[in-house]
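A look at the structure
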Amino acid sequence: MPPPLESSITWQDAAILLVIAALCFALYPFFSWWSLQAPPWFMIYLLWALLLLLGFLLQRRFSDHDV
Amino acid sequence: MTFDYNQLLLAALIYLLLLFLIAYAADRNYISEKITHHPLTYVLSLGVYTTSWSFYGSVGFAEQQGLLFLTIYLGPTLAFLLTPLLLAPILRLIKDYQLTSLADLFAFRYSSQLAGILVTLLMLAGTLPYIALQISAVAESLSILTAKPAPLRQGFMFCLILMVFALLFGARHITPKEKHSGLVVAIAFESLVKLTALFAVGLFAVFGVFGDLQSMQDWLQADPARLEAFYQPAREGPWLTLIFLSFSAAFLLPRQFHMLFVENLHRRSLAVASWGFPLYLLLFNLAIPPILWAGQYLQTDINSEFYVLAVSLHAGQPWLALLAFIGGVSAASAMVIITTLALSQMALNHLLLPISYPDPTLDMYRWLLWGRRMLVSFIILIGFGLFVLLKQRPGLVELGLISFVAVAQCIPGLIGVLFWQRATRTGFLVGLGAGILGWLMIFILPLLHQIGVFPIKLDVLAYLLGPDTNVWQGATLLTLGCNSFLFALVSLLSKQYDDERRAVAACFENAPLLSENRLLNVTSPRQFSAQLAKILGEETGRQEVAHALSELQLDDHERRPHQLQRLRDRIERNLSGMLGPTLARMIVDSRLQVNASTRSMLSDHIRFIEDRLEQSRSRLRGLVGELDALRRYHRQILQDLPLAACSLSKDDEILSWNQAMEQLSRIDRQAAIGSQLCDLPEPWSTLLRTFLREPKQHQHKVQTQIHGKPRWFNLHKAAIADKPTNDHNRREPFWASVVILLEDLTELQLLETELAHSERLASIGRLAAGVAHEIGNPVTGIASITQNLKYETEPQIITESLDDILEQTRRINDIVQSLLTFSHGGALPAHGFTSFALNRCVDEAIRLVRLSQTGKRLEFNNHCPPHLQISADRQHLLQVFVNLLTNACDASSPGGTIEVSAELENADVAQTDHVLIQVRDQGSGIPVELMDRIFEPFFTTKDPGKGTGLGLPLVYNIIRDHGGMIWVDAMYKQGTRFYIKLPVRQPSESTALMTLPAGQ
């Protein structure tokens, strides 16, 4: 069998990613509260775009091999 | 505004024809690779996620569940955010082991055909209704646009066109690497079309229906209950459950898995997709709320799931309605085509092949190709059949979510693939079985009951969790809960089998590095072909071996064990791409067997570790990085060592071959490593093997013939110890490998010969005066006798005179012969030594030395026993005595005595007999402080021009070459005493000279 490739992702990187993912789930109570304030309908799209920006910046941290 | 069926059909046909053209052009490379291989194309092709459910159903979902509709797209966003942890490792496995589906991945990781079968059945059951849903959506859109019920014929036509497309661009040939650039470009184009269509309808909803954004906002503000209805489900609905379901569907749905991993061309594309695909989803969904509100504003009586069409119809612009219809066709067709191809591959590898493996006499490639084509057609037709059955369908969203819950059952198993090494096959099968059972009872049996196939009405959720339970939350919790619990519990209680452990090692980066590689029973590519032919058929077996050889850049004569092991691995992977990993492994294990009695190949282990470190070079950090740098430094030292070095395993397999060795032997490093010692060309094979078998660690001046020229080497070897074991009865040598150094002495040897020659010439020069004098006396004698003879008549006197002349001539001849003997020395003979009497050699040396030492009246005593024979090179030994005696003469005072004696020393059993020779004089002696330097080249105490400083070094080298020793007695106070110890041996017993005939 060929050697598996080593990953450059450290446990810190993995932790950052997982915390972000967990936050997305855990922010649900905040989201409930926020939706009560009747924000503009497109606001969630802006938050979504922010998450995308984060994803874009994160992927630049890793080499081609890792991402 | 309504359309005619034929108009719509024609539009759909033209669109699909365009799709055909694009796929064809991409397949034939009419479209530049810059486009077909561009990451953006890959990102757009992932848009296959958005089916007619997204295109039409999202608006209906948004009306019923408000903001919850976004969860179906936020889940994938999260999944792609975790690309480095989640998607990249899966991609690595898929690429490295040429896996073609999720079923392959699980069958590979858990080393189980049953795992592949279960996953395939789950995917078929979960996805076939989804295919029916797409046909249904297209039929429904036709019905809305024509304001007539859609006839079945149109749906069937749609299915037939998709079938042809899938067969042409997805099942045209069988290759181990499932890459279809035409298909990918066509799907990317479809994604672009549906995005454009939805965006156009969205823009019309804002600007055509409301007038502008502000008017839409005002309309929303005017009815707060509407906005509240939009937000309220997000607070109370199954937000987290839906995000989780769509999270898993984003990469586990067969179509997503296929486009994301199997059709991936470059890893870099996945990096772009990690943000590009979520961006596509964001843009896609941006239009949904305006379309929803426009539909509500228009108060149309069309089902909210088809507001996209309703709004575009209201525009009164046929092109917009047509574009919306084409968008829907795009969404449905892309999903059907890719899902069908993915399912057909799974069904082929995990259902059809295990059930009916083709006869080896058939053409395997042809069989596979037609098997796949048949499955593609079959799956689309089943989809159509389900569409007919599901006329009373529960809705686009519901059917879509049923698929999502089905694929989510693979999440626990995936944890075992990516993160949990302890997970076992049994745990996976039990957990997945429980999940599938729950899913069937919660969704499929009620669905079958709904369409009248299953008689009993089941409501498992209400029975277990209460009547008010949300179906998605309850179903996900129940099925995945049971699945995960049993997966973990059974995995902890059961054990992993050997084949599973091997698969785990392949899946995990930190798994144990060294696998138990053993030698193969087959020893040549031809034997590979013959063995594979028994199960794959002659032609297929031959082609597979040829293909693998070409990929590895090996030739048909390859014999090296590690290369054959690579060939076996490559064949297994290629077969895995065609037949699935389980079947491929079975074929390879049964036909290309390993020899259980052989040991691991150390070179493979070393190469495995080095390859892995090489690939990870830029990613090693901290102490690990520094250790690797140190390793590289040490390896570089060995590589650049000016001495030729190689290392060998216990099995005589070459493990390393440094640069100097490469240059010396002219054997390429890559070719040498992994070869057996006996496979090396001569004389290297014999030279190294003979030395390896020798008990001695060092051998000096071993002579061999290379390309017809003599070469001399010093050979050294050292054992590299293995890890100690507690097994005291072990009989094997206590080392893992041997390192051999070859010191090329050829130049030095030639130089020594030159020096000896120079020294000899110098000696002859010194002898010249004596020779002239010695020859001059008899010549003078001959001249005077001859002069007297002229007048002599007495016969008696004439006879005596002639005898005198002859005597004088003999004397001259003796001198000339001695001189000739002395001058004929050269390199040590390649054929060995000769036996001769030592005292005669000493006599000759004395005679020569006397020629140049006439003035001192020295006395030479030769005490060597006449019977003492010695095996040596006579000329060289003569040179030794001449040099030693000349030095003795130089150091002696006039009238001094120089003595040479010899005695035989009987050694013990282990050693050879020796002759101990003494050469002593009564001269000035050697100062103690100079004794260490007398054998150094060019060191002399004589006046300039009188000594070269090469005499004693030459003596030392000659004695060393004879396997003897020379030393000076430091305790001798009456002058100088040299000791020479030479072995008494026959020529055939020579160990100092190990000669190898040229061309042997």
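Before reading on, note that the structure itself is shown above.
Residues numbered from 1 in each chain as written. Chains lettered and ligands numbered in written order. Predicted model: local features only at pLDDT ≥ 70, side-chain atom pairs only at ≥ 80, totals over all residues.

1. Let's talk about the overall build of chain B
Scanning chain B from terminus to terminus reveals 39 helices and twelve strands. Scored against the burial criterion, the 1000 residues of chain B give a buried share of 46%. If you take every contact in chain B between residues at least 6 apart in sequence, the share linking residues at least 24 apart comes to 75%. (Helix = DSSP H or I, 4+ residues; strand = E, 2+ residues; numbered from the N terminus. Buried ≥ 20, exposed ≤ 12 C-beta atoms within 10 Å, placed from the backbone. Contact = placed C-beta atoms within 7 Å.)

2. Let's talk about the overall build of chain A
Within chain A, the regular secondary structure consists of three helices and zero strands. When the helices and strands of chain A are placed in sequence order, the string is α-α-α. Counting across all 67 residues of chain A, residues that qualify as buried make up 25%.

3. Observations regarding unusual backbone geometry
All names here are of chain B. Here the amide bond leading from E682 into P683 is cis, since omega sits at 5 degrees, within 30 degrees of zero. For P683, the position within the fold is in the loop between α33 (669–672) and α34 (684–693). Of note in this structure, Q98 is not a glycine but carries a positive phi near 50 degrees. For Q98, the position within the fold is in the loop between α6 (87–96) and α7 (102–109). Q98 gets classed as buried once you count the C-beta atoms within 10 Å, which come to 24. Of note in this structure, S111 is not a glycine but carries a positive phi near 50 degrees. Along the chain, S111 falls in the loop between α7 and α8 (113–146). Residue S111 is classed as buried on the basis of its 21 C-beta neighbours within 10 Å.

4. Brief notes about the sheet that holds strand β11 (residues 965–968) of chain B
Residues and elements named next belong to chain B. Reading across the sheet, the five strands line up as β7-β9-β10-β12-β11 and stay open at both edges, with mixed pairing between neighbours. Looking at strand neighbours, the two that pair on one side only are β7 (859–862) and β11, the edges of this open sheet. Between one strand axis and the next, the sheet turns through 15 degrees on average, direction left out of account. In the sheet, β7 pairs with strand β9 (residues 897–905) via four bridges, with the strands oriented parallel. When the bridges of β9 are listed, N861 appears paired with E899. Its contacts with the sheet put helix α38 (residues 874–891) on β9, β10 (914–921) and β12 (977–983), and the angle it makes with β10 is roughly 25 degrees. (Pairing = 2+ DSSP bridges. Axes fitted to C-alpha atoms, helices over the stretch in contact; angles between N-to-C directions.)

5. So, the sheet that holds strand β3 (residues 698–706) of chain B
Residue and element names in this part refer to chain B. Here we have five strands laid out as an open sheet, ordered β2-β1-β5-β4-β3, and antiparallel in their pairing. Across the chains shown, the open sheet's two edge strands, defined by having one partner strand only, are β2 (654–657) and β3. Averaged over all neighbouring strand pairs, the angle between strand axes comes to 25 degrees, with direction disregarded. Where strand β1 (residues 644–649) lies against β2, three bridges are found, and the strand directions are antiparallel. Bridged to S647 within β2 is S656. Contacts from α34 reach β1, β3, β4 (709–720) and β5 (737–744), with the element oriented near 120 degrees to β5.

6. A closer look at the environment of D569(B)
For D569(B), the position within the fold is in helix α28 (residues 561–579). Of the residues examined, D569(B) has 18 C-beta atoms within 10 Å and is grouped as partly exposed.

7. Details of helix α19 (residues 364–389) of chain B
All names here are of chain B. Look at α19: 36 Å from first C-alpha to last across 26 residues, which is about the 38 Å you get at 1.5 Å a residue. By the burial criterion, the buried members of α19 are M364, L368, R372, L375, V376, I379, I380, G383, F384, L386 and F387. Where α19 is buried, its residues contact α8, α9 (152–170), α18 (318–355), α26 (525–536), α27 (538–552) and α28. (Expected span 1.5 Å × (residues − 1).)

8. Here's the deal with the pairing of β1(B)
Residue and element names in this part refer to chain B. Among the six residues that make up β1, five are buried, leaving the element largely enclosed by the rest of the structure. Two elements, β1 and β5, share six bridges in a ladder whose sense is antiparallel. Considered in β5, the bridge of S647 is made with V739. Linking β1 back to β2 in an antiparallel pair, the connection comprises four residues, with D652 at a positive phi of about 65 degrees.

9. Observations concerning the nonpolar core
All names here are of chain B. Formed by 215 residues in total, the largest nonpolar core has its most connected members in V201, I291, V308, V311 and V405. Sort the elements by how many residues they give to this core and α18 lands first, with 21 residues. In this view, V405 contacts L245, W439, F443, A475, T476 and T479; residues no more than four positions away in its chain are not counted. L848, I917, L954 and V984 belong to the second-largest nonpolar core, a separate cluster that totals 41 residues. (Core = buried A, V, L, I, M, F, W, Y, C linked by C-beta atoms within 7 Å.)

10. Considerations on helix α15 (residues 267–286) of chain B
A rise of 1.5 Å per residue sets the reference length of α15(B), with its 20 residues, at 28 Å; its end C-alpha atoms lie 29 Å apart and thus fit the reference within 8%. At A273(B), α15(B) is bent by approximately 45 degrees, the largest bend along its length. (Bend = angle between axes of the 7 residues up to and from the residue.)

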